Amino acid sequence: MGEPCRTVFDLQETLYRTALWMTGSKILARELVVWTYRDVVADTTLSELLKRFRAYYFSNFSIDLFSCFMETGCSRMHDLRDDSTGRYYDDIKLAVLLADIFGMTQHEIAEINGTDLDTLKIWLWWGRKTFVLLQGAESSGEAGNQF
């Protein structure tokens, strides 16, 4: 492995990959990262950066994957601020990505997602299991590419 990251700016490519998984679009991922880094300074913490990322994602990019779970090629976008089911799904997805891509602890992720540890542990278990099941469905052609 290379040197450890010194600032949040060193994580821009990793955050872009996370945004790509969350939005499913290169254009939207780039916009999400640009807006996340707007007003970021050198002493911004990773936690602050990821809270910004999450807030901007939910206000602009959240996808209702439950309603189009089995539709081939589903990519509908709409505002889910009041749709708690879609929001929970996105929080679960983000929690798994923060744990597996950023290597964050459960305490750090719970702080970013604004949830308790017991809920987060369930989210991580359920989210990882769902990703595996969806990957299997995509491989067999039963589901569209949601991720």
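Residues numbered from 1 in each chain as written. Predicted model: local features only at pLDDT ≥ 70, side-chain atom pairs only at ≥ 80, totals over all residues. Heavy atoms only, no water.

Caption draft 1: The arrangement of the environment of tyrosine 89 in detail. Here tyrosine 89 is to be found in helix H4 (residues 84-100). Expressed as a C-alpha distance, the spacing of tyrosine 89 and glycine 127, which sit 38 residues apart in the sequence, is 8.3 Å. (Helix = DSSP H or I, 4+ residues; strand = E, 2+ residues; numbered from the N terminus.)

Caption draft 2: Seen up close, helix H5 (residues 106-113). Within the sequence span of H5, burial applies to Ile109, Ala110, Ile112 and Asn113. All buried residues of H5 project into a common sector of 165° when viewed along the axis, lining one side. After H5 finishes, the residue glycine 114 shows a positive phi value of roughly 70°. (Buried < 20%, exposed > 50% of the residue type's maximum accessible area, 1.4 Å probe, protein only. Arc of directions from axis to C-beta.)

Caption draft 3: Layout of the confidence of the model for the chain. Mean pLDDT for the chain: 78, with 70% of residues reaching 70 or above. Segment residues 64-73 is flagged for pLDDT under 50; beyond a separation of four residues in sequence, or across chains, it makes 28 contacts in the model. Note on residues 75-82: pLDDT is under 50 here. Beyond four places in sequence and across chains, it has 18 contacts. (pLDDT = per-residue confidence, 0-100. Contact = heavy atoms within 4.5 Å.)

Caption draft 4: Structural detail: unusual backbone geometry. If you check the backbone angles, aspartate 39 has positive phi at about 70° while not being a glycine. Its location among the elements puts aspartate 39 in the loop between helix H2 (26-37) and helix H3 (46-60).

Caption draft 5: Quick look at a nonpolar patch on the surface. A cluster of nonpolar side chains, namely Ile122, Trp125 and Trp126, defines an oily patch on the protein surface of about 360 Å² accessible area. Among the secondary structure elements, isoleucine 122 is positioned in helix H6 (residues 117-139). For isoleucine 122, a relative accessible area of 55% corresponds to the exposed category. (Patch = residues over 30% accessible without salt bridge, like charges linked within 9 Å, V, L, I, M, F, W, Y side chains within 5 Å. Areas by Shrake-Rupley, 256 points an atom, 1.4 Å probe, with all protein chains shown as cover. Salt bridge = Lys/Arg side-chain N within 4 Å of Asp/Glu carboxyl O.)

Caption draft 6: Focus on the nonpolar core. Counting 35 residues, the largest nonpolar core has Leu15, Tyr37 and Leu98 as the members making the most contacts within it. Counting residues per element, the ones that place at least two in this core are helix H1 (12-23), H2, H3, H4, H5 and H6. Per element, the largest residue contribution to this core is eight residues, and it comes from H4. Beyond its immediate sequence surroundings of up to four residues, leucine 98 is in contact with Leu50, Gly103, Met104, Ile109 and Ile112. (Core = buried A, V, L, I, M, F, W, Y, C linked by side-chain atoms within 4.5 Å.)

Caption draft 7: Representation of H2. Its twelve residues place the ends of H2 17 Å apart at the C-alpha level, agreeing with the 16 Å of an ideal helix rising 1.5 Å per residue. Of all the positions in H2, only Ala29, Leu32, Val33, Thr36 and Tyr37 are classed as buried. Taken down its axis, H2 places every buried residue within 120° of arc, on the same side. Across H2 from its buried face, at more than 90 degrees, point the exposed residues Ile27 and Arg30. (Expected span 1.5 Å × (residues − 1).)

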